[in-house]
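If you want the building blocks of each chain, they are given just below.
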Amino acid sequence: MTKRFAFLALITGIAMMVFAACQAATPVPVMEVSEPVNVPAATEAPVEAAPALTGDAVRGGRLYDKWTVELGVDVPEGDHPLWATQTTNTRSGSDTWRCKECHGWDYKGAEGAYGSGSHLTGFVGVMGVSGKDANEILGILKGSSNPDHDFSAYMDDQALTDLALFLSEKLVDYAAVINPAAGKTFFEENCIDCHGPQGLALNFGNAEEPEYQGTIAIDNPWEFLNKTRFGQPGFPEMPSLDDAGVTDEELDDLLAYVASFPTSAPVSEGGVLYDNWMKAMGVDVPATDQPLFATQTTNTRTGADTWRCKECHGWDYKGVDGAYGSGSHKTGFKGLLDAAAMSAEDLTAWLNGTKNPDHNFTGEGMLGDAQVEMMVAFLKSDKIEASAFVNEDKTIAGGDTERGKLIFEFYCATCHGEDGRTYNFGDAAEPEFVGTVAADNPWEFVHKVNYGQPSAIMPSGINMEWTLQDIIDLLTYAQSLPAN
Ligand code: HEC
Ligand code: HEC
Ligand code: HEC
Ligand code: HEC
């Protein structure tokens, strides 16, 4: 941990503590198995050992996963008879017949990954039979320990033998090879500050093809490992783990953990589309102005602006009832806060011109199905009502400048500089910096900090899990930064 990173504890300390507490406080209820496991004791071994079984242990591994599919047979009617002896896992039907559902992918049952969460059954693992005589295991599969655990009516002898051989010979304690839990701790210590808890804060792709940490870890683990070990060209602030003496084991754990991250973040993706979908997708601006723009005369912009959702509906999503109710941006068009209550079908119909042919944003070079879904997710999401904090003169009520300064210096200064002037979003004649946006258009500031910047690598606050207060504090401080 570098010293800079120690700020995190200060800023998000409470959130992290709550998070940690939730994790620690969740009891791991281990269910009593109604009928005790009754594996024949070793001393009962027959004087003459049964002949060694022959079969395909690898096929057994697939049968363990989903024997009905591997054998091409129908799933038995109803639930597995042992299913009713537990209540925590509420699945039904085919899942209840899968070995993995009761005994876990890690073969550890209640003692492993299925020891909590929706897959919890409380049933024992199968690790205990690893290395045992396959004949003994075959017996268990035929009900020797519990008649309800007899699978011989559903599978032929060879299938049961293959399963027994698999359990005897092939079980591996994956925790000894990879340990995603250790990867999680490692990630939280080294990466979370910039990439967010689920690796979704920075989109390395665009709205056409989003790319997050999870995407790279899955699609291209070699790239992930190279960048993680040596750093990111052009962005020296991202630490090189190699310099920090990372071990291969730590890298494996990290990769295993990050590969479990989601690979899409529809709400923030929709948010940047709302800002400027042409820029966010990297497509050309349509040749003519948006047709509805001609139905008003107060806003005299042309071209790309006429196609931006924000230009007609506002940074505050309130249209004519909000900040764009007067001034050069006024169109008189309605806001979209009520649209959050509309169905996905209705919202889609608004976006593809079904509701109003002049309100069509789909087709060649425009939003595709995936982008419409992102937009709908954004429209339906809760949005920050920044107006509640913006005074008549655009100063901010209820913000803590000192706290905002800490957040800015920790999260924004790396790219924008201590004074917010590294990037000029305007031009030489009319410069626009972080301070300018914060002072002139607090609603725009809040939108961009929340959802990110189209086609630029900038963190999205909602994927950093920043609170409303974090954003308001940040905005308050940003207003004190130089505006020109
Ligand atoms: C509906 C849940 C369920 C399903 C499905 C299930 N089991 Fe079990 N299994 C149990 C329970 C409960 C026990 C222990 C109870 C007992 O033997 O009375 C057990 C015990 C075992 C044991 C003995 C473990 C030990 O250490 O004694 C083995 C081996 C086993 N199961 C293998 C399998 C295989 C292979 C499959 C898939 C064909 C399978 N089980 C499907 C619930 C299930
Ligand atoms: C100080 C902030 C920061 C920290 C800490 C950080 N990163 Fe990054 N990371 C970035 C930024 C910013 C980029 C994108 C830079 C660019 O391309 O302009 C990036 C890019 C990446 C990329 C490459 C994406 C691509 O396709 O170009 C990977 C992979 C990555 N980070 C992994 C990690 C991992 C794993 C950790 C923790 C061990 C980590 N990062 C820690 C800021 C950070
Ligand atoms: C050129 C101005 C303009 C642009 C750009 C624009 N809209 Fe609209 N939007 C309107 C007008 C005008 C209406 C009302 C039309 C009507 O009643 O037929 C509307 C209606 C809507 C509605 C229905 C609202 C309701 O309460 O009935 C939604 C949802 C919507 N727009 C979303 C968007 C999204 C998302 C974008 C960006 C992809 C966007 N709009 C871009 C002008 C615009
Ligand atoms: C990893 C780098 C990075 C970080 C961290 C970052 N930004 Fe940005 N930001 C950018 C880039 C790149 C742009 C686009 C610059 C351009 O268009 O010239 C941008 C644009 C902006 C804009 C909008 C400019 C406009 O009008 O189009 C604002 C406002 C902004 N950032 C605020 C912030 C704040 C506040 C933070 C901290 C919470 C932050 N940024 C963190 C890279 C970053």
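Residues numbered from 1 in each chain as written. Chains lettered and ligands numbered in written order. Predicted model: local features only at pLDDT ≥ 70, side-chain atom pairs only at ≥ 80, totals over all residues. Heavy atoms only, no water.

**Section: the coordination of the iron atom of ligand 3**
Within the first shell, the iron atom of ligand 3 binds the protein through H313 (NE2) and H359 (NE2), at distances of 2.0 Å. Classification of the site at the iron atom of ligand 3 as octahedral follows from its 6 donor atoms and the range of 87 to 180° in their angles at the metal. Here H313 is found in helix 12 (residues 309–313), whereas its partner H359 is found in the loop between helix 13 (344–351) and helix 14 (369–380), with 46 residues between them in sequence. With a relative accessible area of 13%, H313 lands in the buried category. Here H359 falls in the buried class, since its relative accessible area comes to 14%. (Donors = N, O, S within 2.8 Å, 3.2 Å for Na, K, Ca; no water. Tetrahedral: all angles 85-135°; square planar, octahedral: opposite > 155°, others 65-115°. Helix = DSSP H or I, 4+ residues; strand = E, 2+ residues; numbered from the N terminus. Buried < 20%, exposed > 50% of the residue type's maximum accessible area, 1.4 Å probe, protein only.)

**Some words on the site of ligand 1**
Every one of the 27 residues lining ligand 1 counts as a neighbour, but C99, C102, H103, N146 and H149 are closest to it. Taking N146, its side chain carries an N or O atom lying 2.9 Å from an oxygen atom of ligand 1. H149 is positioned such that a nitrogen or oxygen atom in its side chain is 2.7 Å from a nitrogen atom of ligand 1. Within the residue set of the shell around ligand 1, elements represented by two or more residues are helix 3 (99–103), helix 4 (134–141) and helix 5 (157–169). No other element matches helix 3, which puts 3 residues into the shell around ligand 1. (Near = heavy atom within 4 Å. Polar contact = N/O pair within 3.5 Å; in protein donor to acceptor, adjacent residues only side chain to side chain.)

**Some details on a negative patch on the surface**
Where like charges cluster on the molecular surface, the negative patch consists of D248, E249, E250 and D252. Its location among the elements puts D252 in helix 10 (residues 248–258). A relative accessible area of 36% places D252 in the partly exposed class. (Patch = residues over 30% accessible without salt bridge, like charges linked within 9 Å, V, L, I, M, F, W, Y side chains within 5 Å. Areas by Shrake-Rupley, 256 points an atom, 1.4 Å probe, with all protein chains shown as cover. Salt bridge = Lys/Arg side-chain N within 4 Å of Asp/Glu carboxyl O. Lys, Arg positive; Asp, Glu negative; His and termini not counted. Charge placed at Lys NZ, Arg CZ, Asp CG, Glu CD.)

**Here we look at the nonpolar core**
Counting 29 residues, the largest nonpolar core has F408, Y411, F445 and L474 as the members making the most contacts within it. Every element with two or more residues in this core is listed here: helix 15 (401–416), helix 16 (434–440), helix 17 (442–451) and helix 19 (468–478). Residues in contact with F445, not counting those within four places in the same chain, are V434, V437, A438, L474, L475 and A478. Formed by 26 residues, the second largest nonpolar core is a distinct cluster that contains M281, L367, F378 and L379. (Core = buried A, V, L, I, M, F, W, Y, C linked by side-chain atoms within 4.5 Å. Contact = heavy atoms within 4.5 Å.)

**A closer look at the packing of aromatic side chains**
According to the stated counting rule, one finds 19 aromatic pairs in the structure shown. Note on W277 and W307: the rings are 6.3 Å apart at their centroids and 85° apart in plane angle, and the pair reads as edge-to-face. With W277 in helix 11 (residues 266–281) and W307 in the loop between helix 11 and helix 12, the pair connects residues that are 30 residues apart, well separated along the chain. Since its relative accessible area comes to 1%, W277 is described here as buried. (Phe/Tyr/Trp six-rings, centres within 6.5 Å; stacked < 30°, edge-to-face > 60°.)

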